[in-house]
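Tertiary structure, described
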Amino acid sequence: MPETYLKRVNNRIAAMGISKSRLHSPARLVIFGFAILILTGTLLLMLPVASTGNPLGFLDALFTSTSAVCVTGLTVVDTGKAFSVFGQFMILILIQAGGLGIMTVSTFFLLLAGRRPGLTGQTIIQDTFTHSGELSPVSILKEVMVFTSVIEGIGILVMFFYFLPKNGAHKALFTAVFHSISAFCNAGFSLFPDSFAAYRESWALNLIVSFLIVAGGLGFFVLSELKRNFSFQRRTWSRLSLHTKLVLSSTAVLLTLGTLLILLMEWHNTLGPLSWPARVLSSFFQAVSARTAGFNTLPIGNMANETLFVLIVLMFIGASPGSCGGGIKTTSLAALFVLGISRLRGKEYPQIFGRTIAEASIKKAVSVVMLSTMVVCAGIIALQVTEIGGTSHLQSRGKFLELFFEVVSAFGTVGLSTGITGGLSALGKMIITGIMFVGRLGPLLIGVAVSSEALSRYYYAEESIMVG
């Protein structure tokens with residue numbers, strides 16, 4: 001996506017005869033926009049009116065604002081108790097703006113004001129939500145807003161009537177709006193101190209939240225294509241693009257496999273007190289939420305080590321491109337998996353569903369996975385140093401997995417935690433804040449933004465090396 005940004009902008013600039021110096025780098029503009037939004041949210045959350053008790057300090061406000069904008073859900077204070085209605089409403093706005101993207105929201109308001117978005121803004125929107133240029137930025141933006149409104153509206157309606165019997169109309173409505181937006185944007189923020197643990201046997205609430213999470217994690221291009229091609233009279237699958245097929249199939253495999261593994265590993269542990277239907281429901285919900293949402297109905301801190309590792313894998317993979325979620329994305333994993341299987345079968349090119357995955361897509365998938373792994377490894381080392389540096393392994397048993405889990409959760413913008421977030425040191429919180437920022441934007445986009453735009457005019461002679 002970031003490479004496409006630059007290519008399309010440069011091509012349009014050349015065609016229009018405009019000097020490059022007059023336009024900003026799209027990648028840098030996105031980073032700058034998110035940074036401004038986070039800083040604005042920090043200042044608003046520090047206001048006395050935003051808290052129910054003492055105002056938040058700068059570091060906790062920055063952490064919370066970053067977590068909201070980057071739709072992560074990691075918190076250092078109880079969202080439902082520490083923040084007033086004003087503070088919760090500010091968090092909600094940050095979640096919605098961060099989930100859709102700051103350029104998407106700003107362009108939407110430009111259109112409402114009757115103004116046309118700039119060239120850079122159009123390019124960012126086009127490349128964020130689609131991998132082809134078949135739709136105009138305005139058409140894409142309209143579809144994004146329609147999907148967001150309809151899906152979040154369904155969630156609000158269902159949850160409103162669910163919460164209404166035990167709450168007043170105003171409280172039920174605000175609770176429904178907050179959790180519907182948080183779920184669709186894969187943010188994981190909850191007004192309940194134990195997330196949805198108290199509702200783990202409620203099929204209605206678990207299924208509607210799962211629906212919102214999956215819908216928000218598929219990507220707007222996939223939703224749009226499903227809407228255009230779905231038919232009860234024709235075969236929908238054969239008419240879908242390779243991208244959509246990979247997203248849907250990889251999502252189904254990850255959810256099924258994740259549910260079965262959690263069910264098997266936690267059957268006699270955290271699932272022990274539940275009935276068998278509730279065990280299945282809780283396992284499914286946790287597999288869905290671990291993708292990038294961050295809600296939980298099971299106590300994460302009490303889970304077995306093998307289950308935590310499965311959740312780490314799911315969090316690292318994350319959602320799909322063009323969605324509200326983070327991670328390396330399902331298509332990156334699918335592309336590398338298809339490449340490996342194709343090579344094992346003696347095929348030169350990665351082929352699936354009667355199509356060959358483009359070489360450029362494979363290269364980008366490799367870059368994303370490599371850079372993401374480097375970021376996670378650097379974050380784990382840094383957090384180990386700040387939190388348990390100099391401590392013997394014998395005196396810090398279990399800490400490595402907890403810190404590992406925290407870093408991957410931050411990078412995948414998930415928000416699940418074993419319960420150590422609030423106890424992190426000041427430097428540890430800053431590290432997690434930085435990882436959330438990189439995870440939301442993507443390491444590849446960060447790399448494009450800070451790298452030189454000059455293209456090399458030559459390359460050196462090629463030589464083979466031993467591999468494997």
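Keep in mind the model is a prediction, meaning the values are calculated, not measured.

A closer look at the overall build of the protein
Regarding its fold elements, the protein presents 19 helices and two strands. Looking at the protein as a whole, 53% of its 468 residues qualify as buried. Sequence separation of 24 or more characterises 70% of the internal contacts of the protein that already satisfy a separation of 6 or more. Of the roughly 22,100 Å² that the protein leaves accessible, carbon and sulfur atoms contribute 65%.

Re the pattern of salt bridges
Counted according to the given criterion, the structure contains three salt bridges. Among the ionic pairs, glutamate 402 bridges to lysine 399, the shortest N-O distance being 4.0 Å. Of this pair, glutamate 402 and lysine 399 both sit in helix H17 (residues 399-411), three residues apart, which is roughly one turn of that helix.

Some details on the nonpolar core
Membership of the largest hydrophobic core comes to 74 residues, with the highest contact counts inside it found for Ile91, Ile95, Leu311, Val376, Phe405 and Ile432. Beyond its immediate sequence surroundings of up to four residues, valine 376 is in contact with Phe316, Phe404, Val407, Val408 and Phe411. The next biggest cluster of nonpolar side chains, apart from the first, holds 32 residues, and it includes Phe160, Ala172, Phe285 and Val288.

Thoughts on the packing of helix H12 (residues 242-265) against helix H13 (residues 276-289)
A pair of packed helices is captured by two measures, namely the crossing angle of their axes and the spacing between those axes. Orientation of H12 relative to H13, taken along the N-to-C sense of each, is 130 degrees, at an axis distance of 8 Å. Taken as axis vectors, H12 and H13 run oblique relative to one another. Crossing of H12 against H13: the hand is right-handed. Across from Leu255, Gly258, Thr259, Ile262 and Leu263 in H12, the residues of H13 making contact are Arg279, Val280, Ser283, Phe284, Gln286, Ala287 and Val288. A class-by-class count of the residues in the contact of H12 with H13 yields seven nonpolar, four polar and one charged.

Observations regarding the packing of aromatic side chains
Scanning all chains against the criterion turns up 13 aromatic pairs. A centroid spacing of 6.0 Å and a plane angle of 65 degrees characterise the contact between tyrosine 162 and tyrosine 199, whose relative ring orientation is edge-to-face. Of the two residues, tyrosine 162 sits in helix H8 (residues 137-163) while tyrosine 199 sits in the loop between helix H9 (169-184) and helix H10 (203-218), which places them 37 residues apart along the sequence. The class for tyrosine 162 is partly exposed, based on a relative accessible area of 30%.

Section: the environment of methionine 374
Residue placement: methionine 374 occurs in helix H16 (residues 359-388). Separated by 69 residues in the primary sequence, methionine 374 and proline 443 place their C-alpha atoms 9.4 Å from one another.

What to know about the side chain of glutamate 266
Its location among the elements puts glutamate 266 in the loop between H12 and H13. Buried and unpaired, glutamate 266 has arginine 200 as its nearest opposite-charge partner, separated by 9.9 Å. Here threonine 270 takes part through its side chain, which lies 2.7 Å from a polar atom of the side chain of glutamate 266. Dropping the residues within four chain positions of it, glutamate 266 is found in contact with Leu271, Gly272, Met303, Ala304 and Thr307.

Structural notes on helix H3 (residues 58-69)
For an α-helix the count is 3.6 residues per turn, leaving residues at separations of three or four pointing the same way. Relative to the 16 Å expected for 12 residues at 1.5 Å per residue, H3 spans 16 Å between its end C-alpha atoms, a close match to the ideal helical length. Immediately downstream of H3, the backbone of valine 71 shows phi near 40 degrees, a positive value.

A word on unusual backbone geometry
The backbone phi angle of asparagine 186 is positive, close to 55 degrees, even though this residue is not glycine. Tracing the backbone shows asparagine 186 in the loop between H9 and H10. Among the residues examined, asparagine 186 registers a relative accessible area of 1% and is labelled buried. Despite not being glycine, phenylalanine 353 shows a phi value in the positive range, around 55 degrees. Structurally, phenylalanine 353 can be placed in the loop between strand E1 (351-352) and strand E2 (355-356).

Brief notes about the packing of H16 against H17
It is the contact of H16 with H17, at a shortest axis distance of 9 Å, that shows an interaxial angle of 135 degrees. Relative to H17, H16 is oriented oblique. In terms of crossing hand, the pair formed by H16 and H17 is right-handed. When H16 is examined against H17, the residues Ser372, Val375, Val376, Gly379, Ile380, Leu383, Gln384, Glu387 and Ile388 are found in contact with a partner set consisting of Lys399, Phe400, Leu403, Phe404, Val407, Val408 and Phe411. Here the contact of H16 with H17 is composed, by residue class, of 11 nonpolar, three polar and two charged.

Details of a nonpolar patch on the surface
Taken together, Val146, Val150, Ile154, Val158 and Phe211 make up a surface patch of nonpolar side chains, about 400 Å² in accessible area. The greatest single-element share of the nonpolar patch, amounting to four residues, is contributed by H8. Residue position: isoleucine 154 is located in helix H8. Under the relative-accessibility criterion, isoleucine 154 is labelled partly exposed at 38%.

Thoughts on helix H15 (residues 330-344)
Here H15 contains 15 residues, and its C-alpha end-to-end distance of 21 Å stays within 8% of the 21 Å for a straight helix at 1.5 Å per residue. All of the buried residues in H15 are Thr330, Thr331, Ser332, Ala334, Ala335, Val338, Leu339 and Ser342. Buried-residue contacts for H15 involve H12, helix H14 (305-317), E1 and H16. Just downstream of H15, glycine 346 is the residue with a positive phi angle, here 85 degrees.

Description of the confidence of the model for the protein
For the protein, per-residue confidence averages 83 on the pLDDT scale, and residues scoring 70 or more make up 81% of the total. Every residue in residues 12-23 scores below 50 in pLDDT, and together they form 12 contacts with partners more than four places removed in sequence or on other chains. The low-confidence segment residues 109-113 (pLDDT under 50) makes five contacts with residues lying over four places distant or belonging to another chain.

Section: the side chain of serine 409
Mapped onto the secondary structure, serine 409 falls in helix H17. Judged by relative accessible area, serine 409 falls into the buried class, the value being 0%. Setting aside chain neighbours within four positions, we find serine 409 in contact with Thr72, Leu74, Met315, Val414, Gly415 and Leu416.

What counts and how
Residues numbered from 1 in each chain as written. Predicted model: local features only at pLDDT ≥ 70, side-chain atom pairs only at ≥ 80, totals over all residues. Heavy atoms only, no water. Helix = DSSP H or I, 4+ residues; strand = E, 2+ residues; numbered from the N terminus. Buried < 20%, exposed > 50% of the residue type's maximum accessible area, 1.4 Å probe, protein only. Contact = heavy atoms within 4.5 Å. Areas by Shrake-Rupley, 256 points an atom, 1.4 Å probe, with all protein chains shown as cover. Salt bridge = Lys/Arg side-chain N within 4 Å of Asp/Glu carboxyl O. Core = buried A, V, L, I, M, F, W, Y, C linked by side-chain atoms within 4.5 Å. Axes fitted to C-alpha atoms, helices over the stretch in contact; angles between N-to-C directions. Parallel < 35°, antiparallel > 145°, perpendicular 65-115°, else oblique. Left-handed = near helix turned anticlockwise from the far one by under 90°. Nonpolar A, V, L, I, M, F, W, Y, C, P; charged D, E, K, R; others polar. Phe/Tyr/Trp six-rings, centres within 6.5 Å; stacked < 30°, edge-to-face > 60°. Lys, Arg positive; Asp, Glu negative; His and termini not counted. Polar contact = N/O pair within 3.5 Å; in protein donor to acceptor, adjacent residues only side chain to side chain. Expected span 1.5 Å × (residues − 1). Patch = residues over 30% accessible without salt bridge, like charges linked within 9 Å, V, L, I, M, F, W, Y side chains within 5 Å. pLDDT = per-residue confidence, 0-100.

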